[in-house]
Protein chains: 2
Amino acid sequence: MIVGSGHIPSETTDRLFSYLRPLMCLLNRGSDTVSSRELARLCKVNPSVIRRDFSYVGNLGTRGVGYGVVELMENIRRALKFDDDMKIALVGVGNIGRALLEHVRFGMEGFKIVAAFDNNPEKIGRTVGRLVVEDAIALEERIQSEAIQLVIVAVPEICAPDVARRVGDAGVNSVLSFSPCGLAMPDNVRVTCVDLSLEMARLVYHSSSRDGARGKDGAA
Amino acid sequence: MIVGSGHIPSETTDRLFSYLRPLMCLLNRGSDTVSSRELARLCKVNPSVIRRDFSYVGNLGTRGVGYGVVELMENIRRALKFDDDMKIALVGVGNIGRALLEHVRFGMEGFKIVAAFDNNPEKIGRTVGRLVVEDAIALEERIQSEAIQLVIVAVPEICAPDVARRVGDAGVNSVLSFSPCGLAMPDNVRVTCVDLSLEMARLVYHSSSRDGARGKDGAA
């Protein structure tokens, strides 16, 4: 295993994301260092798993002292490519689009939503979050002028394949879709679909099944 | 290992959720059966992992035929306790609350949002999704009359600890919070926090890092 190398198993990257929130809490509490045992308790994973995961981010800690919280967060963010600021466009300023524009902290997590589009004249020109909603007719032009790397599609299901095709034709090959994906999605883009019902089911399962093994540290 | 037993490792439950979407797609395409090899390709996991996961849901398939898609989905839903219809209340009908009320398919995923609350007089009495928004003052009373088992909190950060405390006092011990959780959360409830920025970062990471090992089957 090459320490800090580019290849990190997907199970490890999934856990690396989940370490960031408890680390942020520790930092807010004024903790400069954390042991793998303490972090394991907060994250509900085995300390040996944490030590193995951290070997991928090139931070092995100091025996008897633990890991530096700030250094650890920086290394995790670097391993997860948070320090490449990815430029994202959003198409569709409905409930989900508004929630993303208003609640996602811009630039904190390694990506920025730099443009938002809708085709509803009542929405075009209005400010949502920090952006002015633009006419969807300008999508292709703006993808190129802003050097957009990924497009979030949050439009009605029936419009999603057409938007995805336009995104692909404009040269962006990654789409994150909050619209259900069927077979109508075009071949010229890779589409990751978020099924809100399933994601909620997953969260509900986890928040209601923690009486047993998972303990009482949900707020940490 | 006891086939179909109650204890399923969390890695397995995570994967079981992720099998449901491709299975639904297969069903929509008219496929009655699926081999572990085909499902592995769609889900981007190893066929041996799939076979091991399915041994927990008590569906071992038929050699040379594969798994029955409908039976498999039913068994997975049962293993994930989707057939217990959990009653959920939502507090806070802002962007996230509206998105949940309007886009999550009621009853499809083993839980039902049966009541929604807000303290804004302009929202109380309005219909969102299939529910009429109720005055948050009635929260405790309605938790008891509806036998609510879990409460989703999607209110401004400053209000979240108070809402969580009221939920706990009313006898519900599980809260799923879309508000950032600090140390102010009360002890009488278990709080699962959803950090929208981190979840988006995770999705962005996955949708932009699939050029290598992950192939081109995002829409499947």
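Residues numbered from 1 in each chain as written. Chains lettered and ligands numbered in written order. Predicted model: local features only at pLDDT ≥ 70, side-chain atom pairs only at ≥ 80, totals over all residues.

## Details of the overall build of chain A
Helix and strand counts for chain A stand at eight helices and nine strands. Pairs at least 24 residues apart make up 56% of the contacts formed inside chain A by residues separated by at least 6 positions. (Helix = DSSP H or I, 4+ residues; strand = E, 2+ residues; numbered from the N terminus. Contact = placed C-beta atoms within 7 Å.)

## Focus on helix 1 (residues 10–28) of chain A
Here helix 1 of chain A is 19 residues long and its end C-alpha atoms lie 28 Å apart, about the 27 Å a rise of 1.5 Å per residue gives. Every buried residue of helix 1 of chain A is accounted for by A:L16, A:Y19, A:L20, A:L23 and A:L26. Among the structural elements, strand 1 (33–34), helix 2 (36–43), helix 3 (47–56) and helix 4 (69–79) of chain A together with helix 8 (196–208) of chain B are those in contact with the buried residues of helix 1 of chain A. Count one or two residues on from helix 1 of chain A and you reach A:G30, which has phi positive near 90°. (Expected span 1.5 Å × (residues − 1). Buried ≥ 20, exposed ≤ 12 C-beta atoms within 10 Å, placed from the backbone.)

## Quick look at the relation of the copies chain A and chain B
Superposing chain A onto chain B requires a rotation of 180° together with a translation of 0.0 Å along the rotation axis, leaving an RMSD of 0.0 Å. Here the two chains are linked by the operation of a two-fold rotation axis. Taking the C-alpha atom as reference, chain A places A:N95 closest to the rotation axis, 2.7 Å from it. Comparing interface residues between copies, 100% of those in chain A also lie at the interface in chain B; the contact surface is shared. (Least-squares fit on C-alpha atoms with pLDDT ≥ 70 in both.)

## Focus: the nonpolar core
Membership of the largest hydrophobic core comes to 129 residues, with the highest contact counts inside it found for A:L90, A:V91, A:V151, A:V153, B:L90, B:V91 and B:V153. No other element matches helix 1 (residues 10–28) of chain B, which puts six residues into this core. In this view, A:V153 contacts A:V91, A:G92, A:A160, A:V163, A:A164, A:V175, A:S177, A:F178 and A:S179; residues no more than four positions away in its chain are not counted. (Core = buried A, V, L, I, M, F, W, Y, C linked by C-beta atoms within 7 Å.)

## What about the sheet that holds strand 3 (residues 86–91) of chain B?
With parallel pairing, the six strands of this open sheet are ordered in space as 7-4-3-8-9-10 (chain B). In this open sheet, the two strands that pair with only one neighbour each are strand 7 (134–135) and strand 10 (190–193) of chain B. Along the sheet, helix 8 (residues 196–208) of chain A contacts strand 3, strand 4 (111–118), strand 8 (150–153), strand 9 (174–177) and strand 10 of chain B; its crossing angle with strand 9 of chain B, the most-contacted strand, is approximately 140°. In the packing of helix 5 (residues 95–103) of chain B onto the sheet, the strands contacted are strand 3, strand 4 and strand 8 of chain B, and the crossing angle to strand 4 of chain B comes to about 145°. (Pairing = 2+ DSSP bridges. Axes fitted to C-alpha atoms, helices over the stretch in contact; angles between N-to-C directions.)

## Overview of the interface of chain A and chain B
Listed as interface residues are 48 residues of chain A and, on the opposing side, 48 residues of chain B. For the side of chain A that touches chain B, the elements supplying multiple residues, two or more each, are helix 1, helix 5 (95–103), strand 8 (174–177), strand 9 (190–193) and helix 8 of chain A. Sort the elements by how many residues they give to the side of chain A that touches chain B and helix 8 of chain A lands first, with 12 residues.

## Some points on unusual backbone geometry
Residues and elements named next belong to chain A. One non-glycine residue, A147, lies in the positive phi region at around 55°. When you line up the elements, A147 lands in the loop between helix 6 (139–145) and strand 7 (150–153). In this structure A147 comes out as exposed when scored by C-beta crowding, with 10 C-beta atoms within 10 Å.

## Here we look at the domain arrangement of chain A
Partitioning chain A into structural domains gives domain 1 (10–79) and domain 2 (86–199). The centre of domain 1 of chain A, based on its C-alpha atoms, is set 33 Å off from the matching centre of domain 2 of chain A. (Domains from an automatic or database assignment.)

## Describing the packing of helix 2 of chain A against helix 3 of chain A
Residues and elements named next belong to chain A. Running from N to C, helix 2 and helix 3 cross one another at 110°; their axes reach a closest spacing of 8 Å. By the angle class used here, helix 2 and helix 3 are roughly perpendicular. Contacts between helix 2 and helix 3 involve S36, R37, L39 and A40 on the former and, on the latter, P47, I50 and R51. Counted by class, the contact of helix 2 with helix 3 contains four nonpolar, one polar and two charged residues. (Parallel < 35°, antiparallel > 145°, perpendicular 65-115°, else oblique. Nonpolar A, V, L, I, M, F, W, Y, C, P; charged D, E, K, R; others polar.)

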